Amino acid sequence: MASLVSSPFTLSNPKVEHLSSISQKHYFLHSFLPKKLGVNTTQSFKSFKCAAIGNGLFTQTTQEVRRIVPEKSKGLPTVKVVYVVLEAQYQSSLTAAVQSLNRKGEFASFELVGYLVEELRDENTYKAFCKDLEDANIFIGSLIFVEELALKVKAAVEKERERMNAVLVFPSMPEVMRLNKLGSFSMSQLGQSKSPFFQMFKNKNKSSAGFADNMLKLVRTLPKVLKYLPSDKAQDARLYILSLQFWLGGSPDNLTNFLKMISGNYVPALKSTKIDYSDPVLYLDTGIWHPLAPCMYDDVKEYLNWYAIRKDTNQQLKSPNAPVIGLVLQRSHIVTGDESHYVAVIMELEARGAKVIPIFAGGLDFSGPVEKFFIDPVTKKPMVNSVVSLTGFALVGGPARQDHPRAVEALMKLDVPYIVALPLVFQTTEEWLNSTLGLHPIQVALQVALPELDGGMEPIIFSGRDPRTGKSHALHKRVEQLCTRAIKWAELKRKTKEDKRLAITVFSFPPDKGNVGSAAYLNVFASIYSVLKDLKNDGYNVEGLPENAEALIEDVIHDKEAQFNSPNLNIAYKMGVKEYQKLTSYASALEENWGKPPGNLNSDGEHLLVYGKQYGNVFIGVQPTFGYEGDPMRLLFSKSASPHHGFAAYYSYVEKIFKADTVLHFGTHGSLEFMPGKQVGMSDVCYPDSLIGSIPNVYYYAANNPSEATVAKRRSYANTISYLTPPAENAGLYKGLKQLSELISSYQSLKDTGRGPQIVSSIISTARQCNLDKDVDLPVEGVEISAQERDLVVGKVYSKLMEIESRLLPCGLHVIGEPPSAMEAVATLVNIAALDRPEDGISSLPAILAETLGREIEDVYRGSDKGILPDVELLRQITEASRGAVTAFVEKTSNSKGQVVDVANKLSKMIGFGINEPWIQYLSDTKFYRADRGKLRTLFQFLGECLKLVVADNELGSLKQALEGKYVEPGPGGDPIRNPKVLPTGRNIHALDPQAIPTTAAMQSAKIVVDRLLERQKSENGGNYPETVALVLWGTDNIKTYGESLAQVLWMIGVTPVADTLGRVNRVEVVSLEELGRPRIDVVVNCSGVFRDLFINQMNLLDRAVKMVAELDEPENQNFVRKHALEQAKELGVEIREAATRIFSNASGSYSSNINLAVENSSWNDEKQLQDMYLSRKSFAFDCDAPGAGMTERRKIFEMALSTADATFQNLDSSEISLTDVSHYFDSDPTNLVQNLRKDGKKPNAYIADTTTANAQVRTLSETVRLDARTKLLNPKWYEGMLSSGYEGVREIEKRLTNTVGWSATSGQVDNWVYEEANTTFIEDEQMLKRLMDTNPNSFRKLVQTFLEANGRGYWETSAENVERLRQLYSEVEDKIEGVDR
């Protein structure tokens, strides 16, 4: 590996002529894909294996490279200085300062040793640190913000604090700041003292940027004031502030004087020696810096004047048309002389013809300098076309507390694309290159996740770190990629609309002509048509756009030269093999997986084919698929294959032949971002980076899927723009279910007459016809039962009906640019109103209504769940009253066309007029007329805000902003019902701070669900607790719920998360068995690939927690984690910690078990093959003892742990996505696999927790599949809603049936009647059959094939006539597709 890293980029004396030309490339560091691809390229791809090197941690460097031991020859006293810092930029300055002092040898010899805070994770390094402190005179700490390491520093320094002569800690966590000690000056009272000095540390505004800026102001003024105060205390405080000035000044001279001042004043051996030192050399707090400029500038006009008269630049740079890039730099790198990586970026940009304005700040708030130097004070317009922050930090607040609203406000004023690139902080270049994870998890949390909340994009690593000197050096290929992309974004601001070229990319999953334009919840072609019409009106060249969306589909999916019904898509370009190899620098690296080009995918045998259609300057292209969906052998590989030649050719065409200015990926989601490579922090040989090349990537992503959107942001550099999921409606009742509901109404009015028993027997037989006997324990027909039992049977059936009726469904598909009408928003608002929001002081509407009758809503829910008839009826009345009150409110805020107009104004007119408030008017006619008006008013004010957000329409507006090179405001993704802040859509989606979960509220919800799960399992398992639960963690679910399922795992094993002073969760505490009141349950956790990418810190937390519990000295019958770990350790001959490995996922850069691909493409032989895929792909473990090793295969432990599972478990947490809507859920289901692994061959119970409503439920998997089938696939409201979207709607119906087969394959929990009813609905109904076949024959063929497959695999028993009819249909639709007319 080392051979890939050449010497660091250094220019001791930068001369202009060295730097102005692009030809001086040899100054830059490494390129590990040679320009000319020879024989060894594939080798370079293959050689990136992740091994646990050294101590298995990310950071392999040690303090010894930072140790200076003086010669003892001069008989001078020795002063030992120990320092701990976050980043290494101080290393070279401190080293130079100490070497210079030792060379002069005037009054003392200095011994120096430095530690990077991350190195202290290693036990041996930590011991060395404690040992070094034992004879240290001076300790210095700076920017220590990682809690577990801060506590280690505190513990070690505290022991020696009294003995040491001086302890100096600069901005860090309060626990470490309290260690400060300088003579009589101490900070042990930090945060408590009333003195003005300490008040600055109080967190008035939660931002540490404010804190740092207060410090900077103090640093400027305090020394002058304190100089004239007599007391020692004031002098000591003055010297502390001077120390901070020296430290922030960072140059070798400043640090030399700093060491002189502290030693002379506080080291006893030097007290009598007069040591002269100079005052700190002060640098500007904020300003503009250029390596070739004579000075730093405080005025942008002066800087630009200097720029204009530079002698070393060419005319291109002086042209008023040159793009201008703003850079944001950290002042500490400039003053410590560790700035070669900044120089590299500046020179690369200038060599590519871009002007540069590089600004810096000394504090942690860059928003002021951004406004001061990048915005023209007169015109208020931006002076730059794009901005690249090279700090890696959030714009306001650095590594500690952030102020995102302030950052967003500054960036919205600036209104240009905002890129946040990263220097490697905790890894050396080689460590990063060797890691399959890529960037260190702590750095991902601090420097990728947090800048995303500001709207930052493109986390490209541009510099590495030399392990010896600690200095930064540019990574040449990465700097090129960063600069090219920054200029491309800048060009969007300057190019005319008419000249801009846009490549719209659609997806086709699974690969089939009927699936072109697949995307979650989106009517893709109707949306593209709506976007293109709007762009055309706006001045873009969209020549030849067809009349309507249907014609657009025909254009793209039919090859006009072949017959109309040909299976081929329209070919936009044929690329010869030589042209492909010339355009695609990494082509030969793909041959290991796919052989020589052109291969047989997207190819005619001679050329590579690019499918799509061009209209003027807009190209609509079909992204090729993974390519291995249909190959059972490839699906078994534990690591995913590289992209195939056709995939690479598509992106080469878009970038280099079509010459797109932007690519727009249309809908959730494609495969580009899931190609192999590092998880975060791509290198040149990571496929997503190679494929996207230099094209700005804009991506329409569903607002409810922030986790995969985040993967697209990090791995394919996407500017993700959220779109709304379709408006939700209640599922309602139909056919037999409706009849059943009418019978129940009759029973309630007539139950006390003689007709009661007769109606109950009708209810029982109708419930059987509707297959409700699987969900409700029905008595045998004809047997007489008591009145009380009759009530209970009716109550249970009624409760089931209400559950079906009130279930939320997204109806139809969303079209970009068509927001829901006010009335379409009602069901969403009713569900928003159903949740308590204690943090906002808002009570839920059902709770307010239940209170009027003296009931707690939780009791009503519980009673209804048990089937207590009066409670079921009361819950129905509460639900109806909620809907009525919200509808009345919405009607009053909308006009005759159903549009919402001026909500705020209408609300203020309504509120406070008591009886005239529409919700009060409505409730006055119900039994809830005495509802608390104050609480209702607070709730409806909140709902008014939500309504405004639901109907806001900025999805098209934001796209146009992105295409014009403007800033797209960021916004969270997630479930709009739980978190209405997800709205309005049309914002750049971000996830959350990964260290902020699980929250306290998530932990509370998790306890309820876990307790219900364990109770249910006990009742179905002879009163025994499950010993092990196998469960799944999803990325999006944990974002939506702030870590509920993560918290469930912690509660099962009996630990609780502990947040630090900054609110970050990085450790756990054990809950005693007495408090827990039950045994600790063992877990096998399967993390989705996306969860692994986003929450690697939480995987670390979970692994630490499980191992901590395994090592507790507790009885085995009370600690199943320990029981199983001991058994497995004995059998495998390993330590208990290794045997307690329970946190699994895919190999880095791979996603899913591939069972979904096998099922969708019918490319599997038997269930054993599916189970092998699961074991092969999901058996990679995370090890908290060696996090740097990344994901390592631990298949044996995985199998042994799964073989102890008594139950499998997943969560559903939002109404839009249920078990059969997506293939992810069955793809991660190990139910049948566990049965095969268990020694007793017993099938585990399978459970699903449903927290989609306020009334959380734990159901069996089969109950949930039945509920899903009744409310979606078999529900006329749902399928008619889908069919109203035409071509795409047929595909959605087929997809639900295919996913149902997936559940049969992995769990065997699908009832026969589900397939039978689906066949009746879609095949036996001639009219329906014709609609499906005519609208999308390809998807209809797949539907028929899926029915035949369900029967052939033994999942559906049906009549021979049904099977024969399906076979006949299959050949008819084949003929139709192939154009054969019989």
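Residues numbered from 1 in each chain as written. Predicted model: local features only at pLDDT ≥ 70, side-chain atom pairs only at ≥ 80, totals over all residues. Heavy atoms only, no water.

## A short note on the overall build of the protein chain
Just so we agree on the cut-off: Secondary structure elements are taken from DSSP: a helix is a run of H or I of four residues or more, a strand is a run of E of two residues or more, and numbering for both begins at the N terminus. Exposure is judged per residue with a 1.4 Å probe applied to protein chains only, and the accessible area is read against the type maximum: over 50% gives exposed, under 20% gives buried, and values in between give partly exposed. Working rule for contacts: check all heavy atoms of both residues, and any pair within 4.5 Å makes them a contact.
The helix and strand inventory of the protein chain stands at 58 helices and 35 strands. Counting only residues that meet the buried cut, the protein chain has 65% of its 1382 residues in that class. Taking the contacts inside the protein chain whose residues are at least 6 apart along the sequence as the reference set, 76% of them involve residues at least 24 apart.

## Some points on the sheet that holds strand 8 (residues 324-330)
Cut-off, in case you're wondering: A strand pair is defined by DSSP finding two or more bridges across the two strands. Axis definition: a line fit to C-alpha positions, over the contact stretch in the case of helices; interaxial angles, taken between N-to-C directions, run 0 to 180 degrees.
With respect to topology, five strands assemble into an open sheet ordered 7-9-8-10-11, the strand pairing being mixed. At either margin of the open sheet sits one strand with a lone partner, and together these are strand 7 (286-288) and strand 11 (418-420). Geometrically, the sheet is characterised by an average inter-axis angle of 20° between neighbouring strands, direction not taken into account. As defined by bridge partners, strand 8 adjoins strand 9 (residues 355-361) across seven bridges and the pair is classed as parallel. Bridged to Gly326 within strand 9 is Ile357. Docked against the sheet, helix 11 (residues 300-308) engages strand 7 and strand 9, running at close to 140° with respect to strand 9. Along the sheet, helix 19 (residues 476-494) contacts strand 8, strand 10 (386-389) and strand 11; its crossing angle with strand 10, the most-contacted strand, is approximately 150°.

## Remarks on the pairing of strand 13 (residues 461-465)
Within a regular strand, side chains alternate between the sheet's two faces. Burial runs high along strand 13: five of the five residues are buried. Pairing analysis gives three bridges linking strand 13 to strand 14 (residues 472-474), with the strands arranged antiparallel. Residue pairing in the sheet places Gly464 in a bridge with His473 of strand 14.

## Overview of the sheet that holds strand 14
Across the sheet, three strands lie side by side as 12-13-14; this open sheet has mixed pairing. Each of the sheet's edge strands pairs with one partner strand only, and the pair in question is strand 12 (422-423) and strand 14. Against the sheet, helix 14 (residues 340-351) makes contact with strand 12, strand 13 and strand 14, and its axis sits at roughly 20° relative to strand 14, the strand it touches most. Its contacts with the sheet put helix 19 on strand 13 and strand 14, and the angle it makes with strand 13 is roughly 155°.

## Some words on the environment of Thr95
Within the fold, Thr95 resides in helix 3 (residues 89-104). Taking the C-alpha atoms as reference, Thr95 lies 7.7 Å from Ile68; in sequence the two are 27 residues apart. With residues near it in sequence (within four places) discarded, Thr95 still touches Ile68 and Leu112.

## Notes on the pattern of salt bridges
Let me state the cut-off plainly: Here, a salt bridge means any side-chain nitrogen of Lys or Arg that lies within 4 Å of a carboxyl oxygen of Asp or Glu.
This structure, assessed with the given rule, holds 77 salt bridges. A salt bridge links Glu147 to Arg1067; its shortest N-O distance comes to 3.4 Å. Here the residue Glu147 occupies a position in helix 5 (residues 147-161), and Arg1067 occupies one in strand 28 (residues 1065-1070), the gap between them amounting to 920 residues. Judged by its relative accessible area of 3%, Glu147 falls in the buried class. Residue classification places Arg1067 among the partly exposed positions, given a relative accessible area of 27%. The partner of Lys154 in a salt bridge is Glu158, with the nearest N and O atoms 3.8 Å apart. One end of the pair, Lys154, and the other, Glu158, are both in helix 5, four residues apart, so they sit about a helical turn from each other. Accessibility expressed as a relative area gives 26% for Lys154, which makes it partly exposed. Among the residues examined, Glu158 registers a relative accessible area of 43% and is labelled partly exposed. The structure contains a network of salt bridges with shared partners spanning Glu64, Arg67, Lys80, Glu111, Asp132 and Asp135.

## Looking at the packing of aromatic side chains
Stated precisely, the cut-off is as follows: Classification of ring pairs rests on two measures: the distance between centres of Phe, Tyr or Trp rings, Trp counted by its six-membered ring, which must be within 6.5 Å, and the angle between planes, read as stacked under 30 degrees, edge-to-face over 60 and tilted in between. Think of it as a cone above the ring: NZ of Lys or CZ of Arg counts as a charge over the ring if it is within 6 Å of the ring centre and within 35 degrees of the ring normal.
Under the criterion given, the structure shown has 37 aromatic pairs. Arranged with centres 6.4 Å apart and planes meeting at 70°, the rings of Trp247 and Phe258 form a pair that is edge-to-face. A residue pair is termed long-range when its members are at least 10 positions apart, and Trp247 in helix 9 (residues 232-249) and Phe258 in helix 10 (residues 252-266) qualify at 11 residues. Given a relative accessible area of 1%, Phe258 falls into the buried group. Joined through ring pairs, the aromatic side chains of Tyr90, Phe170, Phe185, Tyr240, Phe246, Trp247 and Phe258 make up one cluster. Here the basic side chain of Arg310 rests over the ring of Tyr307, its NZ or CZ set 4.9 Å away from the ring centre. Here the basic side chain of Lys1007 rests over the ring of Trp1051, its NZ or CZ set 4.5 Å away from the ring centre.

## Concerning the side chain of Arg121
Heads up, the condition is: For the purposes of these results, a polar contact is taken to be a pair of N or O atoms within 3.5 Å, where, inside protein, one atom must be able to donate a hydrogen and its partner to accept one; residues adjacent in sequence count only when each atom of the pair is a side-chain atom.
Take Arg121: it is sitting in the loop between strand 2 (109-116) and helix 4 (123-134). Take Arg121: its relative accessible area is 18%, and that puts it in the buried class. One polar contact links Arg121 to Glu118, side chain to side chain, over a distance of 2.4 Å.

## Considerations on the packing of helix 45 (residues 1120-1132) against helix 49 (residues 1195-1202)
Note the cut-off: Throughout this description, any angle smaller than 35 degrees is read as roughly parallel, any larger than 145 degrees as roughly antiparallel, any in the 65 to 115 degree range as roughly perpendicular, and the remainder as oblique. Two helices crossing with the near one rotated counterclockwise from the far one by less than a right angle form a left-handed crossing, whereas a clockwise rotation gives a right-handed crossing.
With their axes 11 Å apart at the nearest point, helix 45 and helix 49 run at an angle of 140° to one another. Compared by their axis directions, helix 45 and helix 49 come out oblique. The handedness of the crossing between helix 45 and helix 49 comes out as right-handed. Contact residues: helix 45 offers Gln1128, Glu1131 and Leu1132, while helix 49 offers Lys1196, Ile1197, Met1200 and Ala1201.

## Focus on the confidence of the model for the protein chain
Worth spelling out the cut-off: Confidence per residue, as judged by the predictor, is encoded in pLDDT with a range of 0 to 100.
Mean pLDDT over the protein chain: 85, with 89% of residues reaching 70 or higher. This model gives residues 193-209 a pLDDT under 50, and the stretch forms 38 contacts once residues within four places in sequence are excluded. Contacts from residues 560-566, a stretch scored under 50 in pLDDT, to residues over four places away or in other chains number 15 contacts.

## Details of the side chain of Asp775
Mapped onto the fold, Asp775 is located in the loop between helix 29 (756-769) and helix 30 (787-806). Given the relative accessible area of 16%, Asp775 is considered buried. Of note is the side chain of Asp775, whose polar atom sits 3.0 Å from the side chain of Arg1270. Residues contacting Asp775, with those up to four places away along its chain left out, are Lys800, Glu1263, Arg1266 and Arg1270.

## Focus on helix 41 (residues 1044-1053)
Most of helix 41 is tucked away: 10 of the 10 residues are buried. Downstream of helix 41 by a residue or two, Gly1054 has a phi angle that is positive, lying close to 80°.

## Some words on the nonpolar core
To be explicit about the condition: Remark: nonpolar core denotes a set of buried residues (Ala, Val, Leu, Ile, Met, Phe, Trp, Tyr, Cys) joined through side-chain atoms within 4.5 Å.
Membership of the largest hydrophobic core comes to 300 residues, with the highest contact counts inside it found for Leu327, Phe374, Leu390, Ile528, Phe666 and Phe1340. Not counting residues within four places of it along the chain, the set of residues in contact with Phe1340 comprises Val1290, Ile1323, Leu1329, Leu1332, Met1333, Leu1369 and Val1373. One finds Tyr90, Leu182, Phe246 and Ile275 within the second-largest nonpolar core, a separate group that totals 78 residues.

## What about the packing of helix 20 (residues 524-537) against helix 21 (residues 549-557)?
Under the convention used in this document: All residues other than Ala, Val, Leu, Ile, Met, Phe, Trp, Tyr, Cys, Pro, Asp, Glu, Lys and Arg, Gly among them, are scored as polar; the first ten of these are nonpolar and the last four charged.
One can describe the packing of helix 20 onto helix 21 by two numbers: an axis separation of 9 Å at closest approach and a directional angle of 110°. In terms of orientation, helix 20 lies roughly perpendicular with respect to helix 21. Mapping the contact onto sequence places Phe525, Ala526, Ile528 and Tyr529 in helix 20 and Ala549, Leu552, Ile553 and Val556 in helix 21. Its residues assigned to classes, the contact of helix 20 with helix 21 shows eight nonpolar, no polar and no charged.

## Here we look at the environment of Tyr651
Within the secondary structure layout, Tyr651 lies in helix 25 (residues 645-657). Owing to a relative accessible area of 1%, Tyr651 belongs among the buried residues under this scheme. In sequence terms Tyr651 and Leu583 are 68 residues apart; their C-alpha atoms lie 9.9 Å from each other. For Tyr651, the contacting residues outside a window of four places in its chain are Thr505, Gln623, His665, Leu672 and Leu691.

## A word on helix 4
Definition in use: Expected helix span is taken as 1.5 Å per residue step, with the number of steps being one fewer than the number of residues. Directions pointing from the helix axis toward each C-beta atom define the arc.
With 12 residues, helix 4 should reach 16 Å at 1.5 Å per residue; the first-to-last C-alpha distance of 17 Å fits that figure. By the burial criterion, the buried members of helix 4 are Thr125, Tyr126, Phe129, Asp132 and Leu133. The arc enclosing the buried residues of helix 4, seen along the axis, measures out at 120°, which places them on a common side. In helix 4, those exposed residues whose orientation departs by more than 90 degrees from the buried face are Asn124, Lys127 and Lys131.

## Observations concerning the pairing of strand 1 (residues 78-85)
Note the cut-off: Look down the strands so they point away from you; if the path from the first strand over the helix to the second goes clockwise, the crossover is right-handed.
Strand 1 sits mainly inside the fold: seven of its eight residues count as buried. When strand 1 meets strand 2, the two strands line up parallel, connected through eight bridges. What sits directly across from Val84, in strand 2, is Tyr115. Since strand 1 and strand 2 lie parallel, the crossover through helix 3 that links them has a hand, and here it is right-handed. Bridging between strand 1 and strand 3 (residues 138-142) involves five bridges; their strand directions are parallel. Residue pairing for strand 3: Val85 is matched across the bridge by Ser142.

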